[in-house]
Amino acid sequence: MGLLFILERKIKGTLSRWFGIRFRSGSETSKVRHWVLPYCTGKGCDVGFGGDKIMKINCDGIDFPQPYTNTGNDKVDIGCDVINNEIPVADNTYDYVYTSHLIEDFVNTKDALQKFIRVLKNNGSLILVFPDQPKYEVYCHKAGIPMNPYHIHAEMGYDYMMKQLSGLSNISYEVLFSSNCEVDYNVVIVLKVVKL
């Protein structure tokens, strides 16, 4: 992590905390888009996209009606509090479901996975991007930036997610792609999901 990057983050963090100045930040999706785009075919959705949908066409952006992050200009297509409510679309709607930096905010990770899988078509792609929490904490400490207070699981990471997935009895899956922190603290898992 370069010195200029650290200084920029500290200055922006200070201005934001002290004076309420909001800065647009790059999305976590922008870091991994090149890896996951090949799996975003057909009609899809991006759950919790915060302004930067994975695909700009044929992709429903599902988020709070007024997202709490500010990472792009894409508008909300389906307003919903996904953590506390079901996604308001029919079962088996999407060819792919993409979500970035949302699943770690759920108290019950298996419940989140079930919500995403419900709206995914059989043999569809479930694309999960989330932080390795211990590495994320080190990253934030080094950069001098506050950690996201909504992260629930101290053990969140690749192994944690694979354990959660193996505990689901209504699906089988094949891992099509994975990256374990090749980009800072980001874990990426792309699954082909078969509904049983």
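Up top is the structure these notes are about.
Source: prediction; values computed, not measured.

Caption draft 1: Representation of the overall build of the protein chain in the model. Secondary structure assignment for the protein chain yields 5 helices and 7 strands. Residues counted as buried form 45% of the 196 residues belonging to the protein chain. Look at the contacts in the protein chain between residues 6 or more apart in sequence, and 62% of them connect residues 24 or more apart. Here the protein chain displays about 9800 Å² of accessible surface, and carbon together with sulfur accounts for 55% of that area.

Caption draft 2: Structural view of the sheet that holds strand β5 (residues 120-131). One open sheet accounts for 7 strands, arranged β3-β2-β1-β4-β5-β7-β6; its pairing is mixed. The sheet is open, and its two edges are formed by β3 (78-79) and β6 (171-183), each paired on a single side. Inspection of the sheet shows strand β1 (residues 44-47) paired to strand β4 (residues 94-100) by 4 bridges, in the parallel sense. Residue Asp-46 lies in a different strand from β4, and its bridge partner there is Tyr-98.

Caption draft 3: Looking closely at the environment of Tyr-39. Here Tyr-39 is to be found in the loop between α2 (28-36) and β1. Look past the residues within four positions of Tyr-39 in its chain and what remains in contact with it is Tyr-96, Ser-125, Ile-127, Leu-176, Phe-177 and Val-190.

Caption draft 4: Structural context of the pairing of β6. The pairing of β6 with strand β7 (residues 186-195) spans 10 bridges and is classified as antiparallel. Of the residues in β7, the one forming a bridge with Ser-178 is Ile-189. Connecting β6 to the next strand, β7, in antiparallel fashion are 2 residues, including Asp-184 with a positive phi near 40 degrees.

Caption draft 5: Representation of the pattern of salt bridges in the model. For the coordinates displayed, the defined rule picks out 11 salt bridges. As a salt-bridge pair, Glu-86 and Arg-118 come within 3.2 Å of each other at their nearest N and O atoms. With Glu-86 in the loop between β3 and β4 and Arg-118 in helix α3 (residues 109-118), this residue pair connects regions lying 32 residues apart in the sequence. Between Asp-111 and Lys-115 there is a salt bridge; the shortest N-O distance is 4.0 Å. Remark: Lys-115 and Asp-111 occur in helix α3; sequence separation between them is 4 residues, near one turn of the helix. By relative accessible area, Asp-111 is classed as partly exposed at 31%. Using a relative accessible area of 4% as the deciding quantity, one classes Lys-115 as buried.

Caption draft 6: Region of interest: the side chain of Thr-99. Tracing the sequence through the fold places Thr-99 in strand β4. Apart from residues lying up to four places away in sequence, Thr-99 is in contact with Asp-46, Val-47, Phe-116, Ile-127, Leu-128 and Val-129.

Caption draft 7: Spotlight on the packing of aromatic side chains. Applying the stated criterion to the full structure yields 5 aromatic pairs. Ring centres of Tyr-136 and Tyr-185 lie 5.1 Å apart, and the angle between their planes is 80 degrees; on these two criteria the pair is classed as edge-to-face. Here Tyr-136, found in helix α4 (residues 133-143), pairs with Tyr-185, found in the loop between β6 and β7; they are 49 residues apart in sequence, far enough to count as distant. The exposure classification of Tyr-136 matches that of Tyr-185, with both residues buried. Through a chain of ring-to-ring contacts, the aromatic side chains of Trp-35, Tyr-39 and Phe-177 assemble into a single cluster.

Caption draft 8: Structural view of unusual backbone geometry. Look at Asn-92: it is not a glycine, yet its phi comes out positive at around 60 degrees. Classification of Asn-92 as partly exposed rests on a relative accessible area of 41%. Of note in this structure, His-101 is not a glycine but carries a positive phi near 55 degrees. Residue classification places His-101 among the buried residues on the basis of a relative accessible area of 16%.

Calculation criteria
Residues numbered from 1 in each chain as written. Predicted model: local features only at pLDDT ≥ 70, side-chain atom pairs only at ≥ 80, totals over all residues. Heavy atoms only, no water. Helix = DSSP H or I, 4+ residues; strand = E, 2+ residues; numbered from the N terminus. Buried < 20%, exposed > 50% of the residue type's maximum accessible area, 1.4 Å probe, protein only. Contact = heavy atoms within 4.5 Å. Areas by Shrake-Rupley, 256 points an atom, 1.4 Å probe, with all protein chains shown as cover. Pairing = 2+ DSSP bridges. Salt bridge = Lys/Arg side-chain N within 4 Å of Asp/Glu carboxyl O. Phe/Tyr/Trp six-rings, centres within 6.5 Å; stacked < 30°, edge-to-face > 60°.

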